[in-house]
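Tertiary structure, described
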Amino acid sequence: MNQELIKIGQRAQAAEDILSQLDTATKNAALNAMADALDNHQDEIIAANQEDMANATAMPKKFTDRLLVNAQRIADMANGLRAIASLADPTARIDRGWINADGLQILQRRVPLGVIGIIFEARPNVTVDATGLTFKSGNAVILRGGKEAIRTNIALAKILRDTLAAHQLPADAVQLIEDTSHELAQEMMNLTDYIDVLIPRGGQGLIQRVVKTATVPVIETGAGNCHVYIDRDADLKMATDITVNAKVQRPSVCNAAEKLLIHQDVAEKFLPQIAQALMDHGVQLRGDERARRLVPAMQEASAADWDTEYNDLIMAVKVVDSLDAAIKHINRHSTHHSEVIVTKDIARGQEFQRRINSACVYVNASTRFTDGGVFGFGAEIGISTQKLHARGPMGLDQLTTIKYEITGNGQVRQ
């Protein structure tokens, strides 16, 4: 095992011992100070990011969009920290308490998970969002970003660490691994003595590699093969607005829609309209046989298309016979992230929400709302697509676990 990695783990554990005992006011003051520091060091963050961008010329646009840091995105990061500071501290909360039949007082209390490891790709905002959420919830974080964003991540981590040190708080609450080799990432996945949980943030390839090879417990996040289903009685203008927004507004992110399903009763009237609206925004469409009969300009969808997260201006289109067929198709091919039904029938919308096996299920709204900040969490550590221990956008509460504090007056069990 890499000795420097072990030292990073030991420092994280030492920091977490201190963080878990901090009061809420101290944590909030530090978060606001970190936000101010980002604003005050904007020029050096952008300069570091420009170096990363200059080395990313061979990367697809969908990745450089995530990599880019500008004044607005720095402001968003800083405001995310301030929003986290304004939220209730989960570790200051007792979930419930009771006295059992033996007269024992039992309290169920929220406590930090411990040391959280995050492996992520070209998303510098993860450095800030993860630091804010883990710090507020009393956890230490070890970050390993991709080589594409290394200069930006180093600049951000230094600002955050310096701010903590200036407030006499442990800088090792956040540590960035600057070695971006796959070998070190693999060792991090097996650092079970020091990391309590591992969260991968990135494309499906990264996420599955971590899930399949890590011995540290993993929360699976991020991959978003998201669907929009247009029901037989949908408001077609609403359906167009939602579909275009879900696909086009920011196609490189995990809550962008990748698939469009249309009920056969409205396909003939609606599909040419929605297809034109999407193509007007530069979307390449890939359709099944029935969709291509109605819109011959579509490319033929392959079997692999139904399971692919494009993160690009590409969308696969399928005509379905019924609500039941749409639900079965989505549950089979989805990554269980976010799905939408557009319908005027409340009962059919509720049936869709009950039967779809995904973290976030919408009636008449865009998938783009699946976001920790939008949900009121300040930011998010990721969007979990599994069922244990968290699901959907993960904020402060999802970075805690519970412990039981039991107080007696001499009881012994008979």
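Here's a quick rundown of the structure.

Reading the values: the criteria
- Counting restarts for each chain, with residues numbered from 1 along the sequence as it is written.
- It should be noted that, the model being predicted, local features are given only for residues of pLDDT at least 70 and side-chain atom pairs only at 80 or more, the latter also being counted only at that level, while totals for whole chains, interfaces and linings use all residues.
- Where side-chain values are given, they derive from all heavy atoms of the structure, hydrogens and water being excluded.
- The helix and strand labels rest on DSSP assignments: H or I over at least four residues marks a helix, E over at least two residues marks a strand, and numbering proceeds from the N terminus.
- Only protein chains enter the area calculation, which uses a 1.4 Å probe; residues under 20% of their type maximum are buried, those over 50% are exposed, and those in between are partly exposed.
- In what follows, residue pairs with any heavy atoms lying within 4.5 Å of each other are defined as contacts.
- Here, Shrake-Rupley sampling with a 1.4 Å probe gives the accessible areas, and only protein chains in the shown set may cover a residue.
- By the counting scheme adopted, Arg and Lys are positive, Glu and Asp are negative, and His together with the chain ends is not counted.
- Lysine's charge is taken at NZ, arginine's at CZ, aspartate's at CG and glutamate's at CD.
- DSSP bridges decide pairing: two strands pair if at least two such bridges lie between them.
- For helices, the fitted line uses only the C-alpha atoms of the stretch in contact; every axis is such a line through C-alpha atoms, and the angle between N-to-C directions lies from 0 to 180 degrees.
- Note on angle classes: values under 35 degrees are labelled roughly parallel, values over 145 roughly antiparallel, values of 65 to 115 roughly perpendicular, and the remainder oblique.
- Gly falls in the polar group here, along with every residue not listed as nonpolar (Ala, Val, Leu, Ile, Met, Phe, Trp, Tyr, Cys, Pro) or charged (Asp, Glu, Lys, Arg).
- Crossovers are marked right-handed if the path from the first strand over the helix to the second runs clockwise, as seen with the strands pointing away from the viewer.
- Throughout this description, the term salt bridge denotes a Lys or Arg side-chain nitrogen within 4 Å of a carboxyl oxygen of Asp or Glu.
- Definition of nonpolar core: a set of buried residues of the types Ala, Val, Leu, Ile, Met, Phe, Trp, Tyr and Cys, connected through side-chain atoms within 4.5 Å.

Notes on the overall build of the chain
- Counting its secondary structure elements, the chain contains 14 helices and 16 strands.
- When the backbone C-alpha atoms are referred to their principal axes, the chain occupies close to 75 × 65 × 40 Å.
- In the chain, buried positions account for 54% of the 414 residues.
- Sequence-distant contacts in the chain: of pairs separated by 6 or more residues, those separated by 24 or more amount to 73%.
- Looking at the chain as shown, the accessible area adds up to about 17,700 Å², and 49% of this sits on carbon and sulfur atoms.
- The centroid of the 44 positive side-chain charges in the chain is displaced by 4 Å from the centroid of its 51 negative side-chain charges.

Description of the sheet that holds strand β10 (residues 299-300)
- Read from one edge to the other, the open sheet built from seven strands follows the order β10-β9-β11-β8-β7-β12-β13, with strand pairing classed as parallel. Pairing within the sheet leaves two strands with one partner each, and these edge strands are β10 and β13 (360-363).
- Two elements, strand β9 (residues 284-287) and β10, share two bridges in a ladder whose sense is parallel. Looking across to β10, one finds that Arg286 is bridged to Gln299.
- The sheet strands contacting helix α10 (residues 236-248) are β7 (226-230), β8 (257-263), β11 (314-320) and β12 (338-342), and the helix crosses β7 at an angle near 170°.
- Sitting on the sheet, helix α13 (residues 323-333) is in contact with β7, β8, β11 and β12, with an inclination near 175° to β7.

Considerations on the packing of helix α5 (residues 71-86) against helix α6 (residues 125-136)
- The geometry of α5 relative to α6 is characterised by a closest axis approach of 10 Å and an angle of 10° between their N-to-C directions. In terms of orientation, α5 and α6 fall into the roughly parallel class. Contacts from Met77, Leu81, Ile84 and Ala85 of α5 reach α6 at Asn125, Val128, Asp129, Gly132, Leu133 and Lys136.
- Classifying every residue of the contact of α5 with α6 gives six nonpolar, two polar and two charged.

Considerations on the pairing of β13
- When β12 meets β13, the two strands line up parallel, connected through four bridges. From the neighbouring strand, Ser338 faces β13, where its bridge partner is Cys360.
- The handedness of the β12 to β13 crossover, carried by helix α14 (residues 346-355), is right-handed.

Structural notes on the sheet that holds strand β2 (residues 105-112)
- Strand order across the open sheet formed by three strands is β1-β2-β16, with antiparallel pairing between neighbours. Edge positions in the open sheet fall to β1 (94-99) and β16 (400-407), since each of these has one partner strand only. Sheet twist, expressed as the mean angle between neighbouring strand axes with direction ignored, is 20°.
- Two strands pair when backbone bridges link them, and β2 and β16 are joined in this way by eight bridges, in the antiparallel orientation. Within the sheet, the bridge partner assigned to Ile106 lies in β16 and is Ile406.

Here we look at the pattern of salt bridges
- Within the structure shown, the criterion is met by 27 salt bridges.
- As a salt-bridge pair, Glu4 and Arg11 come within 3.4 Å of each other at their nearest N and O atoms.
- When its relative accessible area of 40% is taken as the criterion, Glu4 is described as partly exposed.
- With a relative accessible area of 32%, Arg11 lands in the partly exposed category.

Digging into the nonpolar core
- One finds Leu38, Ile118 and Phe135 to be the most contacted residues of the largest nonpolar core, which totals 65 residues.
- The contacts of Phe135, once residues within four sequence positions are left out, are Leu19, Leu22, Lys27, Ala30, Leu31, Met34, Leu164, Leu169 and Ala173.
- In this structure, Ala239, Val266, Ala291 and Val295 belong to the second largest nonpolar core, which totals 33 residues.

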